[in-house]
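Spelled out, the chains give:
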Amino acid sequence: MTRLLARTATYAALPLAVLAAWWYLTRGGESLYFPPPGQVFTRFRENWLFALVPEHVMPSLVRMFSGLLLSVVVGVALGVALGMSDLAHRATKPWLTLLRSTPGPVVVVTFLVLFGTGSVGKVLMIAFVSVFPVLLNTVDGVRAAEPVLLDVAASYRLSRRERVTRIVLPGALPQISVGVRTSVALAFIVMIVSEYFGGSDGVGYFTRDSASGFAIPDMWSGMLLLGLLGIAVNVLVAVAQRRALRWYAGARAAAKS
Amino acid sequence: MLEVEGLGHVYRTASGEVEAVRQVDLTVAEGEIVTLVGPSGAGKTTLLRSLAGLLPYSRGEVRLGGDVVRSPHPDMALVFQDYTRSLMPWATVRQNVLLPIRKKVRSRAERDARVDAALAEVGLADAADRYPWQLSGGMQQRVALARGLAYRPKMLLFDEPFASVDAQTRADLEDLVLDVCAHLRMTALFVTHDIDEAAYLADRIVVVSHRPSTVRAVLDVDLPRPRDQVTTKSLPAFAELRSRIFPLLRAESAEATA
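Residues numbered from 1 in each chain as written. Chains lettered and ligands numbered in written order. Predicted model: local features only at pLDDT ≥ 70, side-chain atom pairs only at ≥ 80, totals over all residues. Heavy atoms only, no water.

## Describing the packing of helix α2 (residues 37–48) of chain A against helix α10 (residues 216–244) of chain A
In a pair of packed helices, the angle between the axes and the distance between the axes together describe the arrangement.
All names here are of chain A.
Move 1: With their axes 8 Å apart at the nearest point, α2 and α10 run at an angle of 70 degrees to one another. Classified by the angle between their axes, α2 and α10 sit roughly perpendicular to one another. Residues Gln-39, Val-40, Phe-41, Arg-43, Phe-44, Asn-47 and Trp-48 of α2 touch α10, and the partners they reach there are Pro-217, Asp-218, Trp-220, Ser-221, Gly-222, Leu-224, Leu-225 and Leu-228.
Move 2: Its residues placed into classes, the contact of α2 with α10 shows 9 nonpolar, 4 polar and 2 charged. (Axes fitted to C-alpha atoms, helices over the stretch in contact; angles between N-to-C directions. Helix = DSSP H or I, 4+ residues; strand = E, 2+ residues; numbered from the N terminus. Parallel < 35°, antiparallel > 145°, perpendicular 65-115°, else oblique. Contact = heavy atoms within 4.5 Å. Nonpolar A, V, L, I, M, F, W, Y, C, P; charged D, E, K, R; others polar.)

This is how it looks when you write it as C-alpha coordinates:
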(Lines give C-alpha, C1' and ligand atoms only; values in the text may rest on other atoms or scores of the structure.)
Protein backbone atom coordinates (compact mmCIF):
# COMPACT_ATOMS: atom_id res chain seq x y z
CA MET A 1 0.00 0.00 0.00
CA THR A 2 2.79 2.41 0.90
CA ARG A 3 4.64 1.27 -2.21
CA LEU A 4 1.59 1.99 -4.33
CA LEU A 5 1.32 5.45 -2.80
CA ALA A 6 5.01 6.11 -3.36
CA ARG A 7 4.74 5.00 -6.97
CA THR A 8 1.67 7.14 -7.64
CA ALA A 9 3.46 10.12 -6.09
CA THR A 10 6.48 9.54 -8.35
CA TYR A 11 4.33 9.42 -11.46
CA ALA A 12 2.21 12.43 -10.44
CA ALA A 13 5.13 14.69 -9.49
CA LEU A 14 5.98 15.92 -12.99
CA PRO A 15 2.45 16.77 -14.22
CA LEU A 16 1.74 18.50 -10.91
CA ALA A 17 4.89 20.57 -11.28
CA VAL A 18 3.91 21.56 -14.83
CA LEU A 19 0.42 22.44 -13.63
CA ALA A 20 1.85 24.54 -10.81
CA ALA A 21 4.15 26.36 -13.22
CA TRP A 22 1.28 26.92 -15.64
CA TRP A 23 -0.91 28.28 -12.85
CA TYR A 24 1.91 30.53 -11.57
CA LEU A 25 2.81 31.95 -14.99
CA THR A 26 -0.82 32.64 -15.95
CA ARG A 27 -1.95 34.06 -12.60
CA GLY A 28 -2.53 37.51 -14.12
CA GLY A 29 -4.90 35.99 -16.69
CA GLU A 30 -4.02 38.57 -19.37
CA SER A 31 -2.70 36.17 -22.06
CA LEU A 32 -5.20 35.23 -24.76
CA TYR A 33 -3.35 32.05 -25.73
CA PHE A 34 -2.46 30.79 -22.27
CA PRO A 35 -5.53 30.97 -20.05
CA PRO A 36 -5.11 29.98 -16.38
CA PRO A 37 -5.65 26.26 -15.68
CA GLY A 38 -8.84 26.95 -13.71
CA GLN A 39 -10.50 28.32 -16.83
CA VAL A 40 -9.44 25.31 -18.89
CA PHE A 41 -10.72 22.93 -16.23
CA THR A 42 -14.06 24.71 -16.18
CA ARG A 43 -14.38 24.40 -19.95
CA PHE A 44 -13.22 20.82 -19.74
CA ARG A 45 -16.00 20.05 -17.25
CA GLU A 46 -18.62 21.89 -19.30
CA ASN A 47 -17.58 20.27 -22.58
CA TRP A 48 -16.51 16.77 -21.67
CA LEU A 49 -18.48 15.83 -18.53
CA PHE A 50 -20.44 14.88 -20.57
CA ALA A 51 -22.27 17.39 -22.76
CA LEU A 52 -20.25 16.97 -25.96
CA VAL A 53 -19.30 13.34 -25.48
CA PRO A 54 -21.97 11.94 -27.83
CA GLU A 55 -21.33 14.63 -30.43
CA HIS A 56 -17.52 14.58 -30.54
CA VAL A 57 -15.89 11.91 -28.36
CA MET A 58 -17.97 8.97 -29.52
CA PRO A 59 -17.47 9.55 -33.27
CA SER A 60 -13.70 9.86 -32.74
CA LEU A 61 -13.42 6.70 -30.68
CA VAL A 62 -15.75 4.70 -32.93
CA ARG A 63 -13.72 5.65 -36.00
CA MET A 64 -10.43 4.94 -34.29
CA PHE A 65 -11.42 1.52 -33.02
CA SER A 66 -13.08 0.62 -36.33
CA GLY A 67 -9.91 1.53 -38.20
CA LEU A 68 -7.78 -0.31 -35.68
CA LEU A 69 -9.94 -3.42 -35.82
CA LEU A 70 -9.81 -3.38 -39.60
CA SER A 71 -6.03 -3.01 -39.57
CA VAL A 72 -5.58 -5.86 -37.09
CA VAL A 73 -7.85 -8.23 -39.04
CA VAL A 74 -6.29 -7.39 -42.39
CA GLY A 75 -2.75 -7.19 -41.00
CA VAL A 76 -2.89 -10.55 -39.24
CA ALA A 77 -4.63 -12.36 -42.11
CA LEU A 78 -2.30 -10.96 -44.74
CA GLY A 79 0.72 -11.35 -42.46
CA VAL A 80 0.04 -15.06 -41.95
CA ALA A 81 -0.41 -15.58 -45.69
CA LEU A 82 2.84 -13.77 -46.50
CA GLY A 83 4.76 -15.27 -43.58
CA MET A 84 3.90 -18.84 -44.56
CA SER A 85 5.20 -18.46 -48.10
CA ASP A 86 8.86 -17.77 -48.73
CA LEU A 87 8.21 -16.53 -52.25
CA ALA A 88 5.39 -14.17 -51.23
CA HIS A 89 7.57 -12.86 -48.43
CA ARG A 90 10.51 -12.11 -50.71
CA ALA A 91 8.29 -10.53 -53.36
CA THR A 92 6.47 -8.17 -51.00
CA LYS A 93 8.87 -7.29 -48.20
CA PRO A 94 10.63 -4.31 -49.83
CA TRP A 95 7.35 -2.84 -51.08
CA LEU A 96 5.68 -3.19 -47.72
CA THR A 97 8.61 -1.48 -46.06
CA LEU A 98 8.37 1.31 -48.62
CA LEU A 99 4.61 1.71 -48.16
CA ARG A 100 5.04 1.75 -44.42
CA SER A 101 7.38 4.69 -44.67
CA THR A 102 4.73 6.80 -46.39
CA PRO A 103 4.19 9.74 -44.02
CA GLY A 104 0.77 9.84 -42.39
CA PRO A 105 -0.19 13.37 -43.59
CA VAL A 106 0.34 12.33 -47.25
CA VAL A 107 -1.99 9.42 -46.66
CA VAL A 108 -4.55 11.68 -45.02
CA VAL A 109 -4.64 14.14 -47.94
CA THR A 110 -4.80 11.34 -50.52
CA PHE A 111 -7.60 9.55 -48.72
CA LEU A 112 -9.54 12.82 -48.33
CA VAL A 113 -9.43 13.24 -52.10
CA LEU A 114 -10.36 9.62 -52.74
CA PHE A 115 -13.03 9.07 -50.10
CA GLY A 116 -14.16 12.53 -48.99
CA THR A 117 -14.44 13.82 -45.45
CA GLY A 118 -16.99 11.28 -44.19
CA SER A 119 -16.41 8.61 -41.56
CA VAL A 120 -15.67 5.87 -44.10
CA GLY A 121 -12.68 7.71 -45.50
CA LYS A 122 -11.38 8.43 -42.01
CA VAL A 123 -11.70 4.82 -40.92
CA LEU A 124 -9.87 3.72 -44.05
CA MET A 125 -7.12 6.28 -43.40
CA ILE A 126 -6.65 5.03 -39.86
CA ALA A 127 -6.67 1.43 -41.04
CA PHE A 128 -4.19 2.06 -43.84
CA VAL A 129 -1.63 3.76 -41.64
CA SER A 130 -1.92 1.37 -38.72
CA VAL A 131 -2.02 -1.85 -40.74
CA PHE A 132 1.72 -1.89 -41.42
CA PRO A 133 3.10 -2.46 -37.92
CA VAL A 134 0.62 -5.31 -37.43
CA LEU A 135 1.33 -6.75 -40.85
CA LEU A 136 5.13 -6.61 -40.70
CA ASN A 137 5.27 -7.93 -37.14
CA THR A 138 2.87 -10.75 -38.00
CA VAL A 139 5.08 -11.76 -40.93
CA ASP A 140 8.12 -11.80 -38.65
CA GLY A 141 6.30 -13.69 -35.91
CA VAL A 142 5.00 -16.30 -38.35
CA ARG A 143 8.41 -16.79 -39.91
CA ALA A 144 9.96 -17.26 -36.47
CA ALA A 145 7.61 -20.16 -35.65
CA GLU A 146 9.34 -22.83 -33.55
CA PRO A 147 10.61 -25.46 -36.03
CA VAL A 148 10.23 -28.28 -33.50
CA LEU A 149 6.55 -27.40 -33.08
CA LEU A 150 6.13 -27.43 -36.86
CA ASP A 151 7.66 -30.92 -36.81
CA VAL A 152 5.18 -31.87 -34.09
CA ALA A 153 2.34 -30.56 -36.25
CA ALA A 154 3.62 -32.47 -39.27
CA SER A 155 4.22 -35.72 -37.40
CA TYR A 156 0.68 -35.68 -35.99
CA ARG A 157 -0.65 -34.89 -39.45
CA LEU A 158 -2.39 -31.67 -38.44
CA SER A 159 -4.25 -29.89 -41.22
CA ARG A 160 -2.90 -26.62 -42.56
CA ARG A 161 -5.71 -24.80 -40.80
CA GLU A 162 -4.89 -26.42 -37.45
CA ARG A 163 -1.22 -25.72 -37.94
CA VAL A 164 -2.01 -22.03 -38.39
CA THR A 165 -4.58 -21.65 -35.61
CA ARG A 166 -2.96 -23.92 -32.99
CA ILE A 167 0.77 -23.43 -33.58
CA VAL A 168 1.71 -20.54 -35.84
CA LEU A 169 -0.68 -17.81 -34.68
CA PRO A 170 -0.37 -18.36 -30.92
CA GLY A 171 3.40 -18.51 -31.32
CA ALA A 172 3.40 -15.23 -33.24
CA LEU A 173 1.12 -13.49 -30.76
CA PRO A 174 3.85 -11.82 -28.67
CA GLN A 175 5.35 -10.34 -31.83
CA ILE A 176 1.93 -9.38 -33.21
CA SER A 177 1.13 -7.56 -30.01
CA VAL A 178 4.27 -5.47 -30.37
CA GLY A 179 2.89 -4.39 -33.73
CA VAL A 180 -0.54 -3.69 -32.29
CA ARG A 181 0.96 -1.39 -29.68
CA THR A 182 2.58 0.69 -32.41
CA SER A 183 -0.62 0.59 -34.46
CA VAL A 184 -2.67 1.91 -31.56
CA ALA A 185 -0.40 4.94 -31.27
CA LEU A 186 -0.60 5.56 -35.02
CA ALA A 187 -4.37 5.08 -35.13
CA PHE A 188 -4.78 7.66 -32.40
CA ILE A 189 -2.65 10.20 -34.26
CA VAL A 190 -4.36 9.62 -37.59
CA MET A 191 -7.74 9.86 -35.90
CA ILE A 192 -6.90 13.39 -34.72
CA VAL A 193 -5.19 14.50 -37.92
CA SER A 194 -8.02 13.20 -40.12
CA GLU A 195 -10.43 15.36 -38.13
CA TYR A 196 -8.22 18.42 -38.45
CA PHE A 197 -8.48 18.26 -42.21
CA GLY A 198 -12.17 17.78 -42.66
CA GLY A 199 -15.50 16.72 -41.28
CA SER A 200 -17.92 18.13 -38.76
CA ASP A 201 -17.39 16.11 -35.58
CA GLY A 202 -14.75 14.49 -33.43
CA VAL A 203 -12.40 15.77 -30.73
CA GLY A 204 -9.78 16.69 -33.33
CA TYR A 205 -12.34 18.69 -35.29
CA PHE A 206 -13.56 20.40 -32.09
CA THR A 207 -10.04 21.37 -31.08
CA ARG A 208 -9.10 22.76 -34.48
CA ASP A 209 -12.47 24.51 -34.81
CA SER A 210 -12.05 26.12 -31.36
CA ALA A 211 -8.55 27.24 -32.29
CA SER A 212 -9.66 28.90 -35.52
CA GLY A 213 -12.55 30.57 -33.68
CA PHE A 214 -10.17 31.82 -30.98
CA ALA A 215 -12.09 29.87 -28.35
CA ILE A 216 -8.75 29.24 -26.68
CA PRO A 217 -9.93 27.67 -23.38
CA ASP A 218 -12.07 25.27 -25.48
CA MET A 219 -9.04 24.44 -27.59
CA TRP A 220 -7.01 23.68 -24.47
CA SER A 221 -9.81 21.55 -23.08
CA GLY A 222 -9.76 19.54 -26.32
CA MET A 223 -6.00 19.09 -26.09
CA LEU A 224 -6.29 17.98 -22.49
CA LEU A 225 -8.99 15.49 -23.42
CA LEU A 226 -6.90 14.09 -26.28
CA GLY A 227 -3.98 13.59 -23.92
CA LEU A 228 -6.13 11.81 -21.40
CA LEU A 229 -7.77 9.67 -24.10
CA GLY A 230 -4.35 8.72 -25.40
CA ILE A 231 -3.29 7.54 -21.98
CA ALA A 232 -6.57 5.67 -21.45
CA VAL A 233 -6.35 3.86 -24.81
CA ASN A 234 -2.76 2.85 -24.13
CA VAL A 235 -3.56 1.51 -20.69
CA LEU A 236 -6.54 -0.39 -22.07
CA VAL A 237 -4.44 -2.06 -24.74
CA ALA A 238 -1.61 -2.83 -22.32
CA VAL A 239 -4.00 -4.52 -19.90
CA ALA A 240 -5.64 -6.55 -22.67
CA GLN A 241 -2.21 -7.59 -23.86
CA ARG A 242 -1.00 -8.63 -20.46
CA ARG A 243 -4.04 -10.82 -20.06
CA ALA A 244 -3.65 -12.46 -23.47
CA LEU A 245 0.08 -13.05 -23.03
CA ARG A 246 0.16 -14.28 -19.46
CA TRP A 247 1.67 -17.55 -20.72
CA TYR A 248 4.47 -15.63 -22.40
CA ALA A 249 5.50 -13.78 -19.26
CA GLY A 250 5.35 -17.06 -17.31
CA ALA A 251 7.35 -19.02 -19.85
CA ARG A 252 10.01 -16.31 -20.04
CA ALA A 253 10.32 -16.14 -16.29
CA ALA A 254 10.61 -19.94 -16.15
CA ALA A 255 13.28 -19.98 -18.85
CA LYS A 256 15.38 -17.46 -16.93
CA SER A 257 15.35 -19.30 -13.62
CA MET B 1 6.33 -53.82 -38.05
CA LEU B 2 9.00 -51.32 -39.12
CA GLU B 3 11.31 -52.28 -41.94
CA VAL B 4 14.16 -50.09 -43.13
CA GLU B 5 16.05 -51.19 -46.22
CA GLY B 6 19.16 -49.57 -47.59
CA LEU B 7 18.23 -46.15 -46.22
CA GLY B 8 20.50 -43.32 -47.24
CA HIS B 9 20.28 -39.58 -46.95
CA VAL B 10 22.29 -36.92 -48.71
CA TYR B 11 21.94 -33.23 -47.89
CA ARG B 12 22.49 -30.71 -50.60
CA THR B 13 24.24 -27.63 -49.27
CA ALA B 14 25.82 -24.62 -50.93
CA SER B 15 29.25 -26.26 -50.74
CA GLY B 16 28.12 -29.54 -52.26
CA GLU B 17 26.59 -32.78 -51.08
CA VAL B 18 26.89 -34.03 -47.52
CA GLU B 19 26.15 -37.67 -46.86
CA ALA B 20 24.47 -37.97 -43.45
CA VAL B 21 23.21 -41.55 -43.69
CA ARG B 22 25.00 -44.04 -45.93
CA GLN B 23 23.37 -47.40 -45.50
CA VAL B 24 20.97 -48.38 -42.74
CA ASP B 25 19.01 -51.61 -42.62
CA LEU B 26 16.96 -52.50 -39.59
CA THR B 27 13.69 -54.04 -38.55
CA VAL B 28 11.58 -53.63 -35.48
CA ALA B 29 9.12 -56.46 -34.83
CA GLU B 30 5.73 -55.85 -33.29
CA GLY B 31 5.98 -55.37 -29.52
CA GLU B 32 9.72 -55.04 -29.65
CA ILE B 33 11.84 -52.26 -28.18
CA VAL B 34 14.85 -51.53 -30.32
CA THR B 35 17.43 -48.95 -29.34
CA LEU B 36 19.63 -47.20 -31.81
CA VAL B 37 22.89 -46.10 -30.25
CA GLY B 38 25.61 -44.09 -31.87
CA PRO B 39 28.13 -41.37 -31.10
CA SER B 40 27.03 -37.74 -31.01
CA GLY B 41 26.82 -36.32 -34.50
CA ALA B 42 26.15 -39.74 -36.00
CA GLY B 43 23.23 -38.53 -38.08
CA LYS B 44 20.83 -40.27 -35.68
CA THR B 45 18.35 -37.42 -35.75
CA THR B 46 18.46 -37.30 -39.57
CA LEU B 47 17.83 -41.04 -39.61
CA LEU B 48 14.93 -40.78 -37.21
CA ARG B 49 13.35 -37.89 -39.07
CA SER B 50 13.50 -39.96 -42.24
CA LEU B 51 11.82 -42.88 -40.48
CA ALA B 52 9.15 -40.54 -39.13
CA GLY B 53 8.37 -39.26 -42.60
CA LEU B 54 9.49 -35.74 -41.72
CA LEU B 55 12.48 -35.76 -44.04
CA PRO B 56 12.49 -37.25 -47.55
CA TYR B 57 15.25 -39.86 -47.83
CA SER B 58 17.51 -40.17 -50.85
CA ARG B 59 17.85 -43.94 -51.13
CA GLY B 60 16.18 -47.10 -49.90
CA GLU B 61 12.79 -47.64 -48.37
CA VAL B 62 11.00 -47.36 -45.02
CA ARG B 63 7.88 -49.43 -44.44
CA LEU B 64 5.54 -49.41 -41.48
CA GLY B 65 3.05 -52.27 -41.31
CA GLY B 66 3.67 -52.78 -45.03
CA ASP B 67 3.03 -49.13 -46.03
CA VAL B 68 5.88 -47.24 -47.60
CA VAL B 69 6.59 -44.23 -45.37
CA ARG B 70 7.09 -41.02 -47.33
CA SER B 71 5.18 -38.71 -45.01
CA PRO B 72 4.20 -39.08 -41.34
CA HIS B 73 2.31 -42.32 -40.81
CA PRO B 74 -0.85 -42.35 -38.65
CA ASP B 75 0.41 -45.36 -36.68
CA MET B 76 3.57 -43.64 -35.57
CA ALA B 77 4.19 -40.99 -32.91
CA LEU B 78 7.44 -39.21 -32.25
CA VAL B 79 8.76 -37.99 -28.89
CA PHE B 80 11.22 -35.19 -29.53
CA GLN B 81 14.51 -34.53 -27.84
CA ASP B 82 13.86 -30.97 -26.76
CA TYR B 83 10.76 -30.93 -24.61
CA THR B 84 11.01 -27.18 -23.97
CA ARG B 85 10.44 -26.66 -27.68
CA SER B 86 8.11 -29.51 -28.51
CA LEU B 87 5.37 -28.41 -26.10
CA MET B 88 3.24 -25.33 -26.74
CA PRO B 89 3.91 -22.83 -23.92
CA TRP B 90 0.57 -21.08 -24.51
CA ALA B 91 -1.42 -24.25 -23.97
CA THR B 92 -2.11 -26.18 -20.79
CA VAL B 93 -0.92 -29.75 -20.37
CA ARG B 94 -4.41 -30.97 -21.30
CA GLN B 95 -4.50 -28.83 -24.46
CA ASN B 96 -1.04 -30.04 -25.42
CA VAL B 97 -2.04 -33.68 -25.11
CA LEU B 98 -5.28 -32.97 -26.95
CA LEU B 99 -3.49 -31.44 -29.95
CA PRO B 100 -3.10 -34.54 -32.13
CA ILE B 101 -6.66 -35.80 -31.64
CA ARG B 102 -8.77 -32.66 -31.91
CA LYS B 103 -9.78 -33.55 -35.47
CA LYS B 104 -8.94 -37.23 -35.45
CA VAL B 105 -11.45 -38.08 -32.70
CA ARG B 106 -14.95 -36.74 -33.29
CA SER B 107 -16.56 -37.24 -29.89
CA ARG B 108 -15.58 -34.77 -27.22
CA ALA B 109 -16.16 -37.30 -24.46
CA GLU B 110 -13.88 -39.76 -26.22
CA ARG B 111 -11.20 -37.11 -26.65
CA ASP B 112 -11.32 -36.18 -22.98
CA ALA B 113 -11.20 -39.84 -21.97
CA ARG B 114 -8.13 -40.38 -24.13
CA VAL B 115 -6.35 -37.37 -22.66
CA ASP B 116 -7.16 -38.46 -19.12
CA ALA B 117 -6.00 -42.01 -19.82
CA ALA B 118 -2.76 -40.81 -21.41
CA LEU B 119 -2.01 -38.45 -18.52
CA ALA B 120 -2.78 -41.19 -15.99
CA GLU B 121 -0.47 -43.53 -17.89
CA VAL B 122 2.48 -41.16 -17.37
CA GLY B 123 1.48 -40.25 -13.80
CA LEU B 124 0.40 -36.67 -14.53
CA ALA B 125 -3.33 -36.86 -13.90
CA ASP B 126 -3.07 -33.93 -11.47
CA ALA B 127 -1.15 -31.62 -13.78
CA ALA B 128 -3.72 -31.34 -16.58
CA ASP B 129 -4.50 -27.68 -16.03
CA ARG B 130 -0.96 -26.45 -15.54
CA TYR B 131 1.28 -24.98 -18.19
CA PRO B 132 4.38 -26.83 -19.42
CA TRP B 133 6.72 -24.13 -18.12
CA GLN B 134 5.32 -24.64 -14.63
CA LEU B 135 6.60 -28.24 -14.67
CA SER B 136 10.04 -29.78 -14.21
CA GLY B 137 11.93 -31.07 -17.25
CA GLY B 138 11.05 -34.67 -16.44
CA MET B 139 7.37 -33.83 -16.14
CA GLN B 140 7.44 -31.92 -19.43
CA GLN B 141 8.87 -34.96 -21.20
CA ARG B 142 6.08 -37.04 -19.62
CA VAL B 143 3.58 -34.64 -21.17
CA ALA B 144 5.23 -35.13 -24.56
CA LEU B 145 4.98 -38.89 -24.09
CA ALA B 146 1.33 -38.60 -23.04
CA ARG B 147 0.63 -36.62 -26.20
CA GLY B 148 2.10 -39.47 -28.23
CA LEU B 149 0.01 -42.01 -26.34
CA ALA B 150 -3.23 -40.05 -26.80
CA TYR B 151 -2.64 -40.34 -30.54
CA ARG B 152 -2.83 -44.15 -30.07
CA PRO B 153 0.00 -45.07 -32.41
CA LYS B 154 1.18 -48.63 -32.95
CA MET B 155 4.75 -47.49 -32.72
CA LEU B 156 6.63 -44.83 -30.74
CA LEU B 157 9.83 -43.21 -31.93
CA PHE B 158 12.03 -41.54 -29.33
CA ASP B 159 14.76 -39.09 -30.34
CA GLU B 160 17.20 -38.94 -27.40
CA PRO B 161 14.31 -37.84 -25.23
CA PHE B 162 16.11 -37.88 -21.88
CA ALA B 163 19.38 -36.27 -22.95
CA SER B 164 18.84 -33.13 -20.90
CA VAL B 165 17.38 -34.31 -17.59
CA ASP B 166 19.26 -35.25 -14.42
CA ALA B 167 20.32 -38.85 -13.74
CA GLN B 168 17.58 -39.71 -11.25
CA THR B 169 14.82 -38.30 -13.48
CA ARG B 170 16.32 -40.09 -16.41
CA ALA B 171 16.16 -43.44 -14.61
CA ASP B 172 12.52 -42.78 -13.68
CA LEU B 173 11.66 -41.89 -17.27
CA GLU B 174 13.39 -45.00 -18.61
CA ASP B 175 11.32 -47.12 -16.27
CA LEU B 176 8.21 -45.22 -17.34
CA VAL B 177 8.93 -46.03 -20.99
CA LEU B 178 9.37 -49.70 -20.13
CA ASP B 179 6.14 -49.77 -18.11
CA VAL B 180 4.12 -47.98 -20.76
CA CYS B 181 5.41 -50.14 -23.60
CA ALA B 182 4.73 -53.31 -21.63
CA HIS B 183 1.30 -52.15 -20.51
CA LEU B 184 0.16 -50.98 -23.96
CA ARG B 185 2.14 -53.62 -25.90
CA MET B 186 3.80 -50.77 -27.76
CA THR B 187 6.49 -51.16 -30.37
CA ALA B 188 9.30 -48.66 -29.93
CA LEU B 189 12.46 -47.41 -31.57
CA PHE B 190 14.57 -45.44 -29.12
CA VAL B 191 17.52 -43.35 -30.26
CA THR B 192 20.18 -42.53 -27.69
CA HIS B 193 23.90 -41.92 -27.35
CA ASP B 194 23.97 -43.45 -23.88
CA ILE B 195 25.19 -47.04 -23.83
CA ASP B 196 23.59 -47.92 -20.48
CA GLU B 197 20.27 -46.55 -21.60
CA ALA B 198 20.47 -48.44 -24.89
CA ALA B 199 21.19 -51.72 -23.13
CA TYR B 200 18.71 -51.22 -20.29
CA LEU B 201 15.70 -50.58 -22.50
CA ALA B 202 16.29 -52.81 -25.48
CA ASP B 203 15.27 -56.15 -26.85
CA ARG B 204 17.79 -55.42 -29.57
CA ILE B 205 20.48 -52.76 -29.95
CA VAL B 206 21.48 -51.32 -33.29
CA VAL B 207 24.88 -49.65 -33.14
CA VAL B 208 25.41 -47.04 -35.81
CA SER B 209 28.64 -45.42 -36.89
CA HIS B 210 29.70 -41.82 -37.03
CA ARG B 211 28.43 -39.81 -39.98
CA PRO B 212 27.70 -40.98 -42.62
CA SER B 213 25.72 -43.54 -40.61
CA THR B 214 25.98 -47.21 -41.29
CA VAL B 215 24.93 -50.11 -39.05
CA ARG B 216 28.02 -51.46 -37.31
CA ALA B 217 26.39 -54.18 -35.27
CA VAL B 218 23.04 -55.50 -34.14
CA LEU B 219 23.08 -57.04 -30.68
CA ASP B 220 20.34 -59.17 -29.17
CA VAL B 221 19.62 -58.38 -25.54
CA ASP B 222 18.51 -61.29 -23.39
CA LEU B 223 18.24 -59.48 -20.08
CA PRO B 224 15.14 -60.69 -18.21
CA ARG B 225 12.04 -58.49 -18.00
CA PRO B 226 10.71 -56.73 -16.03
CA ARG B 227 13.93 -54.81 -15.67
CA ASP B 228 15.13 -52.92 -12.66
CA GLN B 229 17.63 -50.07 -12.48
CA VAL B 230 19.65 -51.81 -9.77
CA THR B 231 19.35 -55.55 -10.35
CA THR B 232 19.36 -55.47 -14.16
CA LYS B 233 22.34 -53.17 -14.32
CA SER B 234 24.33 -55.36 -11.93
CA LEU B 235 23.83 -58.51 -13.98
CA PRO B 236 26.98 -59.94 -15.61
CA ALA B 237 25.08 -60.03 -18.94
CA PHE B 238 24.52 -56.26 -18.69
CA ALA B 239 28.22 -55.61 -18.10
CA GLU B 240 29.11 -57.86 -21.00
CA LEU B 241 26.72 -56.02 -23.28
CA ARG B 242 28.24 -52.70 -22.31
CA SER B 243 31.69 -54.01 -22.98
CA ARG B 244 30.65 -55.11 -26.45
CA ILE B 245 29.06 -51.77 -27.39
CA PHE B 246 31.70 -49.55 -25.87
CA PRO B 247 34.59 -50.46 -28.21
CA LEU B 248 32.31 -50.11 -31.23
CA LEU B 249 31.57 -46.50 -30.32
CA ARG B 250 35.06 -45.67 -29.15
CA ALA B 251 36.73 -46.96 -32.29
CA GLU B 252 34.31 -44.69 -34.10
CA SER B 253 35.12 -41.52 -32.25
CA ALA B 254 38.86 -42.28 -32.48
CA GLU B 255 38.50 -42.55 -36.25
CA ALA B 256 36.43 -39.41 -36.40
CA THR B 257 38.93 -37.31 -34.47
CA ALA B 258 42.00 -38.82 -36.16
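We are not done yet, so read on.
## Structural notes on the pairing of strand β1 (residues 2–13) of chain B
Residue and element names in this part refer to chain B.
Move 1: In terms of strand pairing, β1 meets strand β2 (residues 16–28) through 9 bridges, oriented antiparallel. Paired with Val-4 across the bridge in β2 is Leu-26.
Move 2: The loop that links β1 with its antiparallel partner β2 comprises 2 residues. (Pairing = 2+ DSSP bridges.)

## Focus on the environment of Leu189(B)
Move 1: With respect to the helices and strands, Leu189(B) occurs in strand β8 (residues 187–192).
Move 2: What Leu189(B) contacts, discounting residues up to four positions off in sequence, is Leu2(B), Val28(B), Val34(B), Leu48(B), Leu51(B), Met155(B), Leu156(B), Leu157(B) and Phe158(B).

## Brief notes about the side chain of Asn47(A)
Residues and elements named next belong to chain A.
Move 1: Relative to the helices and strands, Asn-47 resides in helix α2.
Move 2: Asn-47 sits in the buried class, given a relative accessible area of 10%.
Move 3: Within the structure, Asn-47 has its side chain in polar contact with the side chain of Asp-218 (distance 2.9 Å).
Move 4: Apart from residues no more than four positions distant in its own chain, Asn-47 is found in contact with Leu-52, Val-53, Phe-206, Asp-218 and Ser-221. (Buried < 20%, exposed > 50% of the residue type's maximum accessible area, 1.4 Å probe, protein only. Polar contact = N/O pair within 3.5 Å; in protein donor to acceptor, adjacent residues only side chain to side chain.)

## Quick look at the pairing of β2(B)
On any regular strand, side chains alternate: one points to one face of the sheet, the next to the other face.
Move 1: The sheet contact formed by β2(B) and strand β10 (residues 213–220) of chain B spans 2 bridges and is parallel. Counted as the bridge partner of Val21(B) is Ser213(B) from β10(B).

## Looking at the UniProt feature "domain: ABC transporter" (unreviewed entry) in chain B
Move 1: Under the UniProt annotation, "domain: ABC transporter" (unreviewed entry) lies at residues 2–235 of chain B.
Move 2: End-to-end, the C-alpha atoms of residues 2–235 of chain B are 30 Å apart, and along that stretch the chain is 30% helix and 28% strand. (UniProt positions renumbered as here; feature names shortened; annotations may be inferred.)

## What about the nonpolar core?
Move 1: By size, the foremost hydrophobic cluster in this structure holds 100 residues, and its most contacted members are Leu2(B), Leu51(B), Val97(B), Leu157(B), Leu189(B), Ile205(B) and Val207(B).
Move 2: When residues are assigned to domains, this core turns out to be shared by domain 1 (2–75 + 153–257) and domain 2 (88–152) of chain B, each giving three or more.
Move 3: With 37 residues, the next largest nonpolar core counts Phe44(A), Val129(A), Val134(A) and Val203(A) among its residues. (Core = buried A, V, L, I, M, F, W, Y, C linked by side-chain atoms within 4.5 Å. Domains from an automatic or database assignment.)

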